[in-house]
Amino acid sequence: QVQLVESGGGLVQAGGSLRLSCAASGPPSARYAMGWFRQAPGKEREFVAAISRSGSSSTCADNVEGRFTISRDNGKNTVYLQMNSLKPEDTAVYYCAAGQKYSVTYPSAYDYWGQGTQVTVSS
């Protein structure tokens, strides 16, 4: 069973940057496709980005395309989400997830989840 721990969240002004990390323990993270999701208060959990097992393929949601980048270091069992040009509407709890299929955008397809890290963007 994979355990996922997110870190790197915090408070940032609009236009700023943050890098989230997701450290995996247990089976090697290279066995899993990884994704980032976020959930704002009163809203459903939404897809942010996904990356394949090898890291050779990645995809982002339209509303973060060009601002957010997902990457992974399988040697460190860690997945990253680089977030630039942050906007107040990016405020949410960000979760990483591990699953069997790459590029899946619905949460139920992922098997393992971290506890989340809060990102707050002030205007």
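Residues numbered from 1 in each chain as written. Predicted model: local features only at pLDDT ≥ 70, side-chain atom pairs only at ≥ 80, totals over all residues. Heavy atoms only, no water.

S.K.: Help me out: how do you make sense of the overall build of the protein chain in this one?
M.R.: Scanning the protein chain for helices and strands turns up zero helices and 11 strands. The N-to-C order of helical and strand elements in the protein chain reads β-β-β-β-β-β-β-β-β-β-β. What you see for the protein chain is a C-alpha radius of gyration of 13 Å, in line with the 14 Å of a compact globule of 123 residues. Overall, the protein chain is about 40 × 30 × 25 Å in size when its C-alpha atoms are taken along their principal axes. Burial statistics for the protein chain: of 123 residues in total, 46% are counted as buried. Residue pairs at least 24 apart in sequence account for 58% of intrachain contacts in the protein chain once pairs closer than 6 positions are excluded. Split by element, the accessible area of the protein chain, about 6,000 Å² in all, is 46% carbon and sulfur. Taken as two groups, the 11 positive and 9 negative side-chain charges of the protein chain have centres that lie 6 Å from each other. (Helix = DSSP H or I, 4+ residues; strand = E, 2+ residues; numbered from the N terminus. Rg over C-alpha atoms; globule rule 2.2 N^0.38 Å. Buried < 20%, exposed > 50% of the residue type's maximum accessible area, 1.4 Å probe, protein only. Contact = heavy atoms within 4.5 Å. Areas by Shrake-Rupley, 256 points an atom, 1.4 Å probe, with all protein chains shown as cover. Lys, Arg positive; Asp, Glu negative; His and termini not counted. Charge placed at Lys NZ, Arg CZ, Asp CG, Glu CD.)

S.K.: Can you walk me through the layout of surface pockets in this structure?
M.R.: Space left empty within the atom packing is revealed by a probe, the size of a water molecule, rolled over the atoms. Within this model, the largest pocket holds a volume of roughly 160 Å³. Looking at the largest pocket, the residues that line it are R38, A40, K43, E44, E46, N63, R67, E89, D90 and T91. The residue inventory of the lining of the largest pocket, partitioned by class, reads one nonpolar, two polar and seven charged. (1 Å grid on protein atoms, 1.4 Å probe; cavity = no way out; pocket = protein on both sides within 12 Å on 5 of 7 lines; lining within 4 Å. Points joined across faces, edges and corners; volume = space filled by probe spheres on them. Nonpolar A, V, L, I, M, F, W, Y, C, P; charged D, E, K, R; others polar.)

S.K.: Is there a simple way to think about the pattern of salt bridges in this case?
M.R.: Any two side chains of opposite charge can pair if their charged atoms end up close together. This structure, assessed with the given rule, holds three salt bridges. In this structure, E46 and R38 form a salt bridge, with 2.5 Å as the shortest nitrogen-oxygen distance. On the basis of relative accessibility, which here comes to 5%, the residue R38 falls in the buried class. With a closest N to O distance of 2.7 Å, R67 and D90 form a salt bridge. Of this pair, R67 sits in the loop between strand 6 (58–60) and strand 7 (68–73) while D90 sits in the loop between strand 8 (78–83) and strand 9 (92–99), and the two are 23 residues apart along the sequence. With respect to burial, R67 and D90 carry one shared label: buried. (Salt bridge = Lys/Arg side-chain N within 4 Å of Asp/Glu carboxyl O.)

S.K.: Where do I start with unusual backbone geometry in this structure?
M.R.: Comment: phi is negative for the bulk of residues other than glycine, and the bulk of peptide bonds are trans. A positive phi is found at S85, a non-glycine position, where the angle reads about 50°. Of note, S85 is situated in the loop between strand 8 and strand 9. According to the relative accessible area criterion, S85 is partly exposed, its value standing at 41%. Residue S103 is not a glycine yet carries a positive backbone phi of 70°. If you trace the backbone, S103 turns up in the loop between strand 9 and strand 10 (110–113).

S.K.: Explain the sheet that holds strand 8 here, please?
M.R.: Across a sheet, strands are paired by hydrogen bonds formed along the backbone, either parallel or antiparallel in direction. A sheet is described by the order of its strands in space; here four strands give the open sequence 1-3-8-7, paired in antiparallel fashion. At either end of the open sheet lies a strand with only one pairing partner, and these are strand 1 (3–7) and strand 7. Geometrically, the sheet is characterised by an average inter-axis angle of 15° between neighbouring strands, direction not taken into account. Pairing analysis gives six bridges linking strand 3 (residues 18–25) to strand 8, with the strands arranged antiparallel. Paired with L20 across the two strands is L81, which belongs to strand 8. (Pairing = 2+ DSSP bridges. Axes fitted to C-alpha atoms, helices over the stretch in contact; angles between N-to-C directions.)

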